[in-house]
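Observations on the model geometry
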Protein chains: 2
Amino acid sequence: MKVMCSVNPGHCTLIKYIFLLLIIIHLDLNTAESVWPLPQIVILSSERYQLKPQSFSFGYRRYLDTKHSCSVLDAAFKRYFSILFPGYTYDEWVFENEVFTLTISLDRHDCEGYPNQDSSERYKLNVFAGQASLNAETVWGSLRGLETFSQLVYQDDFGSYYINKTEIEDYPQFNYRGILLDTSRHYLPVQAILKTLDAMAYSKFNVFHWHLVDDPSFPYQSHKFPDLSNKGAFHPVTHIYTQSDVRRVISYARMRGIRVLPEFDSPGHTKSWGKGQSELLTPCYRGGTPSGTFGPVNPTLPSTYQFMASLLKEVASVFPDPYIHLGGDEVDFSCWRSNPYIRAFMHKMGFGLDFSKLEAFYIEKIVNITSVLRKTSIVWQDVFDYHERVRMLVEVWKQGCYLCEVRRVVKAGLRVILASPWYLDQPGPTHNWARYYNVWPLAFKGTEKQKSLVIGGEVCLWGEYIDATNLSPRLWPRASAAAERLWSNERQTSCVERAFPRLQEFRCKLLRRGIQAEPLYVGHCKHEYQSV
Amino acid sequence: MKVMCSVNPGHCTLIKYIFLLLIIIHLDLNTAESVWPLPQIVILSSERYQLKPQSFSFGYRRYLDTKHSCSVLDAAFKRYFSILFPGYTYDEWVFENEVFTLTISLDRHDCEGYPNQDSSERYKLNVFAGQASLNAETVWGSLRGLETFSQLVYQDDFGSYYINKTEIEDYPQFNYRGILLDTSRHYLPVQAILKTLDAMAYSKFNVFHWHLVDDPSFPYQSHKFPDLSNKGAFHPVTHIYTQSDVRRVISYARMRGIRVLPEFDSPGHTKSWGKGQSELLTPCYRGGTPSGTFGPVNPTLPSTYQFMASLLKEVASVFPDPYIHLGGDEVDFSCWRSNPYIRAFMHKMGFGLDFSKLEAFYIEKIVNITSVLRKTSIVWQDVFDYHERVRMLVEVWKQGCYLCEVRRVVKAGLRVILASPWYLDQPGPTHNWARYYNVWPLAFKGTEKQKSLVIGGEVCLWGEYIDATNLSPRLWPRASAAAERLWSNERQTSCVERAFPRLQEFRCKLLRRGIQAEPLYVGHCKHEYQSV
């Protein structure tokens, strides 16, 4: 594979690179360079300390307050101990005197809630002789620091563990770093979702955008409307997510500092809804009579809004995140147009023949429902395109000049999430990871304030050709390329040539952790993927 | 996904289709249509018989001769019992009186040797009330029949097992149906190879073309030249195939009626060989002095041929197949051209400046070595292109008008294997399985005798972007599309639209058998892939 600097070859010159990395003494792939995504500031020494699994421990800084433990961190200690020292398990009892302790301190010792859009993920990590300290504003930031720490530890040829003297100050470039999984076009077993959450944490992703339902199937088991999955899922028992499955996913994500953003896409993409909820979808007509097929949600009936309010109320209570994704993409007007009752409604409302006004009418009502539920709405860009007025967060997904669209959205004063360049399910040259790395979300003309409205980006793995058989290799390590773009300083990570060996090294770490990440090019890892 | 008849839409008409299938009564996806690849002749009845795992047995037809068992079949009975009745294991003891027995008879009760290019795979399968009979000329044919039988058994909604009254007469269109795996660009753990052999048997592939070594690494542990892997493998212990690994692969393949064709590609693609065998590769020159880099094998030294003869003698004894693949592709002449000793040899031999003559000189000597070893040589088309004289089997791999090349080869009276249309590692629209289905290896102008020289085809999974993490979903079920092309009657399988649901069904069977086969399009299987 030929890799090169496609943005600005100047970025690859060593001097500029070292300058941009601020201070890195003794560049060494085993150490700071190997952290993926690259931290903001790294000061690294060649001084190294040996770590022994039997005498390594995690601890809380004791003088801060009286609360000395935190369930999220306690669980993370166990996870990361096994990652640091494969084959060993973490025990609070330490067997030896010479202990190396990583001490955690939190500015806000709050371990109860959920991560959200405004959660700080900033952390400082210092590694000295015999100890290390990790300070973060929140528990979510400390999880990011633990991940970084785990990537700093390496083994020499004899199997001994080492870490170098290091100072890191780190924070994400963008607060929203998401991955979308589509569980409607193919059902994904809960295990496949949990495994993805593991891998997301390794790349510091923080939002799982769960595109739960769509045309092909409705796997979400609603307790208010059980027929939606009874009749709309691929199978009413084996191919659904029960309330307990959903709770498990949310809890597993939370333990890794990941939000779960549910999407209930309407009024289009709802074919499967109609199977369990009669009179929800619009009957299509042919030659003046119903054709027997159905189109988008029927926006003219009061019963539609009663149902949606009731369903969204349930969704709002099941999913703790303050955001809900309402979809709103790709609404086909032909069925609405064919239906005489819809046309009569259009006439009554004075919409003329402009069906986008009917769509706007519908979305506005749904957004109002979510507002009453104290949730912030996210919609696909289609909604913004026909209806700039509504206040919501816009996700840009269409190909072409996506930064033109980003610019239009922020000029309208709305916040934006960028997904267009990261459609990883798309067939195409799968090895071309650099295409997902060389994305510059802020490379448009705009004020600083406008640019601050770009809150992040999202990797989308739509389900037409994806299920549990190929999800992991399709996603990893290419999604990690997007992860560095969204976390790291753009100027420090603009050179594909420099990123390539780092990403190869990171991909080997993913394999070692059991993530089925596909190879970038010819080569090998010390520990190959074994679970065939 | 839009599927359609891209060859001849007429083939899709129901009447013609039924005619071509000869006789199929009561078309039913659960039964004969669901066998993949499609058998040559199927006579199917709607009469069905229930099977009970506790009273199902395999048996040998007793009156044929005194030998009543065969280790290849005994092992196959165990495998297929677990495939027929997941969760049950096969025991020779039968618990009930009402036994359904599948009785095997072989025309040649020879279970000792290895399958080869001329082995008959023909079989006849008859399913009646309470029993079934499977007759084949060879044990390899009976394995194909067992596979077909296993695909005829289905479960109803209550979990009961059934098979319909059926008569099948079947044989392959082409005798050579191969899959190439490349273990040099990435090392593939032995388990990944064995799993591929399992899946190959399910699609009736019969040749595992093992592209063992190449530029990046030399994982084959030679007992005569241990330094080749000691110095040329990615790792001398973890990333090699020991003699015992190789024996295991050969034996596992044999039990499934699969040949193992080893490839030792030279004189190009040999960088890794040079690490463990000094003076084998040509030193390249720059400005009159050696540059320190090396090119293809040095064809001017007697030591080269001594080494090759010794290595190939070992290979010929380790691999029982009567064929050896000698490679011969993509030789870069620039290094030869730079070397004054090579140029002097060219002059002495009267080759002028035509380095393809030097290449021909080399290959001819290697082919002679293999002839002495009583092995038939296979080479990539490059060798034929510059050297039509040599008698060997030619594998066509280049893109473009590959049938033009096939025609040239058979006109020269040589046998040919077609690989060009089946490069499955290539990045591209991965869901487009129909591109691998709509291949017509005999669609060139030629005599019947010339066409008979096309002995088959091969799916190539080169290793640049492939390792154990993505091998299975990249290969399956797309390779199965090629499998039907190579096994079944072309006229009965010319319609993509008809093949699509059958291939979807077959892919679900692969999942059920633990093969990580990726989805063709939106949908679900009763048993999804679980081993995440």
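Since this is a predicted model, take the numbers as computed values, not measurements. (Residues numbered from 1 in each chain as written. Chains lettered and ligands numbered in written order. Predicted model: local features only at pLDDT ≥ 70, side-chain atom pairs only at ≥ 80, totals over all residues. Heavy atoms only, no water.)

**Structural notes on the domain arrangement of chain A**
Residues and elements named next belong to chain A. Going by this rule: The split into domains, and so the bounds of each, comes from an automatic or database assignment of domains. In what follows, a contact means two residues having at least one pair of non-hydrogen atoms within 4.5 Å. Buried area: the accessible surface (1.4 Å probe) lost by two parts on joining, summed over both.
On domain assignment, one finds that chain A holds domain 1 (33–170) and domain 2 (176–496). Between the C-alpha centres of domain 1 and domain 2 there is a distance of 35 Å. Facing 27 residues of domain 1, the contacting portion of domain 2 comprises 31 residues. Buried area between domain 1 and domain 2, summed over both chains or domains, comes out near 2,400 Å², and the portion from carbon and sulfur atoms is 53%.

**Things to note about the state of the cysteines**
Covalent bonding between the sulfur atoms of two cysteines is what defines a disulfide. Note the following rule: The disulfide criterion is simple: two cysteine sulfur atoms within 2.5 Å. Helix and strand definitions here come from DSSP, where helices need a minimum of 4 consecutive H or I residues and strands a minimum of 2 consecutive E residues; each element is numbered from the N-terminal end.
Inspection of the entire model under this criterion finds 8 disulfides over all chains. Residue C70 of chain A pairs covalently with C111 of chain A via a disulfide, S to S 2.0 Å. The chirality of the disulfide connecting C70 of chain A with C111 of chain A is left-handed, given an S-S dihedral of about -110°. Residue C70 of chain A is found in the loop between β2 (56–60) and α2 (71–84), and its partner C111 of chain A is found in the loop between β3 (100–106) and β4 (123–128); the two are separated by 41 residues along the sequence. The disulfide that involves C284 of chain B links it to C335 of chain B, with 2.2 Å between the sulfurs.

**Let's talk about the interface of chain B and chain A**
We count it as follows: Only one rule defines a salt bridge in this text: a Lys or Arg side-chain nitrogen within 4 Å of an Asp or Glu carboxyl oxygen. Whenever two N or O atoms come within 3.5 Å, that pair is a polar contact, provided that in protein one can donate a hydrogen and the other can accept it, and provided that, for residues adjacent in sequence, both atoms are side-chain atoms.
Taken together, the 41 residues of chain B in the interface contact 40 residues of chain A. On inspection of chain B and its partner chain A, the count reaches 4 salt bridges. Across the pair R507 of chain B and D467 of chain A runs a salt bridge, and its minimum N-O distance is 2.6 Å. On the surface where chain B and chain A come into contact, there are 21 residue pairs in polar contact (both at pLDDT 80 or more).

**Some words on the UniProt feature "active site" (unreviewed entry) in chain A**
All names here are of chain A. The criterion, for reference: UniProt positions are given in the numbering used here, feature names are shortened, and annotations may be inferred rather than shown by experiment. We call a residue buried when its accessible area falls under 20% of the maximum for its residue type, exposed when it is over 50%, and partly exposed in between, using a 1.4 Å probe and counting protein chains only.
Under the UniProt annotation, the feature "active site" (unreviewed entry) is placed at E330. Note that E330 resides in the loop between β13 (323–327) and α9 (334–338). Judged by relative accessible area, E330 falls into the partly exposed class, the value being 47%. Once you skip the residues sitting within four places of it in the chain, E330 turns out to touch H269, D382 and W397.

**Comments concerning the packing of helix α10 (residues 340–349) of chain B against helix α11 (residues 355–372) of chain B**
Residue and element names in this part refer to chain B. Cut-off, in case you're wondering: Axis definition: a line fitted to C-alpha atoms, limited for helices to the stretch in contact. Angles are taken between N-to-C directions and run from 0 to 180 degrees. Any angle that is under 35 degrees is reported as roughly parallel, and any over 145 degrees as roughly antiparallel; angles of 65 to 115 degrees are reported as roughly perpendicular and all others as oblique.
Packing of α10 against α11 leaves a shortest axis separation of 11 Å and a crossing angle of 85°. Considering their axes alone, α10 and α11 lie roughly perpendicular with respect to each other. Every residue of α11 that contacts α10 at I342, F345, M346 and M349 is listed here: F355, L358 and F361.

**Remarks on helix α18 (residues 496–512) of chain B**
Residue and element names in this part refer to chain B. Under the convention used in this document: Given the number of residues in a helix, its expected span is that number minus one, multiplied by 1.5 Å.
Taking 1.5 Å as the rise per residue, α18 with 17 residues should run 24 Å; its terminal C-alpha atoms sit 24 Å apart, in good agreement. Every buried residue of α18 is listed here: V496, A499, F500, R502, L503, F506, R507, K509, L510 and L511. Buried residues in α18 make contact with α3 (139–152), α4 (190–202), α14 (434–437) and α17 (478–487). Just past α18, the residue G514 takes up positive phi, approximately 85°.

**A closer look at the confidence of the model for chain A**
Residues and elements named next belong to chain A. Here is the rule we go by: Per-residue confidence from the predictor is reported as pLDDT, a score between 0 and 100.
Mean pLDDT over chain A works out to 91, with 90% of the residues at or above the 70 mark. The low-confidence segment residues 1–11 (pLDDT under 50) makes 21 contacts with residues lying over four places distant or belonging to another chain. Confidence drops under pLDDT 50 across residues 13–31; counting only partners more than four residues distant or on other chains, this segment forms 33 contacts. Complex prediction metrics read pTM 0.93 and ipTM 0.90.

**A word on the environment of P340 of chain A**
Within the fold, P340 of chain A resides in helix α10 (residues 340–349). Counting along the chain gives 63 residues from P340 of chain A to Q277 of chain A, while the straight-line C-alpha distance between them is 22 Å.

**Description of the pattern of salt bridges**
Scanning the entire structure with this criterion turns up 30 salt bridges over all chains. Residue E147 of chain A pairs with R513 of chain A through a salt bridge whose shortest N-O separation is 3.0 Å. With E147 of chain A in helix α3 (residues 139–152) and R513 of chain A in the segment after α18 (496–512), the pair connects residues that are 366 residues apart, well separated along the chain. Exposure remark for E147 of chain A: the relative accessible area of 1% places this residue in the buried category. We classify R513 of chain A as buried; its relative accessible area is 16%. E484 of chain B is the partner of R502 of chain B in a salt bridge, and the nearest nitrogen-oxygen pair spans 2.8 Å. Note that R502 of chain B is positioned in helix α18 and E484 of chain B in helix α17, a separation of 18 residues in sequence. On the basis of relative accessibility, which here comes to 0%, the residue E484 of chain B falls in the buried class.

**A short note on the packing of aromatic side chains**
Just so we agree on the cut-off: When two rings of Phe, Tyr or Trp (its six-membered ring) have centres within 6.5 Å they constitute a pair, described as stacked for plane angles under 30 degrees, edge-to-face for angles over 60, and tilted for the intermediate range. By the criterion adopted, a ring carries a charge over it if an Arg CZ or a Lys NZ lies within 6 Å of its centre and within 35 degrees of its normal.
Following the criterion strictly, the structure yields 73 aromatic pairs over all chains and no others. Ring centres of F208 of chain B and W210 of chain B lie 5.4 Å apart, and the angle between their planes is 25°; on these two criteria the pair is classed as stacked. Of the two residues, F208 of chain B and W210 of chain B, both sit in the buried class. One aromatic cluster is present, built from ring pairs that chain together Y187, F208, W210, F218, Y220, F225, Y241, F264, W273, F307 and F319 of chain A. Sitting above the plane of the Y437 of chain B ring, R485 of chain B keeps its charged end 4.7 Å from the centroid.

**Observations regarding unusual backbone geometry**
A cis amide bond, omega 5°, links S266 of chain A with the succeeding residue P267 of chain A. Within the secondary structure layout, P267 of chain A lies in the loop between β10 (259–263) and α7 (271–276). Put simply, W476 of chain B and P477 of chain B share a cis peptide bond, and its omega is 5°. Locating P477 of chain B in the fold gives a position in the loop between α16 (471–475) and α17. Within the chain, E330 of chain A stands out as a residue other than glycine whose phi angle is a positive 45°. Even without a glycine there, the phi angle at R374 of chain B is positive, about 60°. Mapped onto the elements of the fold, R374 of chain B is located in the loop between α11 and β14 (376–380).

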